[in-house]
Amino acid sequence: MAYEYLLVYPRLKLLIKEAHKSFNQVERELGYPRNTLKNYKYKKKPSVGRVFEMANYFNVSIEFLLGMEEETDKTSLTYRLEKLNKEKKELEILLLEKES
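Quick caveat, the model's predicted, so the values are computed rather than measured. (Residues numbered from 1 in each chain as written. Predicted model: local features only at pLDDT ≥ 70, side-chain atom pairs only at ≥ 80, totals over all residues. Heavy atoms only, no water.)

(A) Spotlight on the packing of helix α2 (residues 23-30) against helix α4 (residues 48-58). One way to put it is that α2 packs onto α4 with a least axis distance of 11 Å and a crossing angle of 110°. Viewed along their axes, α2 and α4 adopt a mutual orientation that is roughly perpendicular. When α2 is examined against α4, the residues Val 26, Glu 29 and Leu 30 are found in contact with a partner set consisting of Glu 53, Met 54, Tyr 57 and Phe 58. Looking at the contact of α2 with α4 residue by residue, the classes come out as five nonpolar, no polar and two charged. (Axes fitted to C-alpha atoms, helices over the stretch in contact; angles between N-to-C directions. Helix = DSSP H or I, 4+ residues; strand = E, 2+ residues; numbered from the N terminus. Parallel < 35°, antiparallel > 145°, perpendicular 65-115°, else oblique. Contact = heavy atoms within 4.5 Å. Nonpolar A, V, L, I, M, F, W, Y, C, P; charged D, E, K, R; others polar.)

In structure tokens form, the structure reads like this:
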């Protein structure tokens, strides 16, 4: 198992608990087969696509989900841009350029 995936399960567990949901409920909402998320505890590592989907679902950064950040700063520019679609990203960049 690659190092960058070691903390995915504990972070998922924390995020699921904070959301007051169950693993099965999150799996259903994401359209994943049953026990997909629990399999990340020992057996499997998530694909890059799944990591992205889960980070987006919980509104956290990929780095937080992978354990590369201790906290997710939801006010940071990087975080906000990650959540916006392409058109909104361009608008945000233009607005920030005007402010400086």
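(B) Quick look at helix α1 (residues 8-18). What α1 keeps buried is the set Val 8, Tyr 9, Arg 11, Leu 12, Leu 15 and Ile 16. Along the axis of α1, the buried residues cluster in a sector spanning 160°; they form a single face. Structural note: α1 exposes Lys 17 and Glu 18 on the side pointing more than 90 degrees away from its buried face. Among the residues trailing α1, His 20 stands out with phi positive, at a value near 55°. (Buried < 20%, exposed > 50% of the residue type's maximum accessible area, 1.4 Å probe, protein only. Arc of directions from axis to C-beta.)

(C) Expanded view of the nonpolar core. In terms of nonpolar packing, the biggest core is built from 18 residues, with Leu 12, Leu 37, Met 54, Phe 58 and Leu 65 touching the most fellow members. Of all the secondary structure elements, the ones that give two or more residues to this core are α1, α2, α4 and α5 (62-65). Among the elements that line this core, the one with the most residues is α1, at five residues. Among all residues touching Leu 12, those that are not within four sequence positions of it are Leu 37, Tyr 40, Met 54, Phe 58 and Leu 65. (Core = buried A, V, L, I, M, F, W, Y, C linked by side-chain atoms within 4.5 Å.)

(D) Region of the structure containing the environment of Met 68. Inspection of the secondary structure assignment puts Met 68 in the loop between α5 and α6 (77-83). For Met 68 and Leu 7, which are 61 residues apart along the polypeptide, the C-alpha to C-alpha distance reads 8.7 Å.

(E) Broad picture of the pattern of salt bridges. Throughout the structure, instances matching the rule amount to one salt bridge. In this structure, the salt-bridge partner of Lys 21 is Glu 29, at a minimum N-O distance of 2.8 Å. Looking at Lys 21, the relative accessible area reads 28%, which means it is partly exposed. (Salt bridge = Lys/Arg side-chain N within 4 Å of Asp/Glu carboxyl O.)

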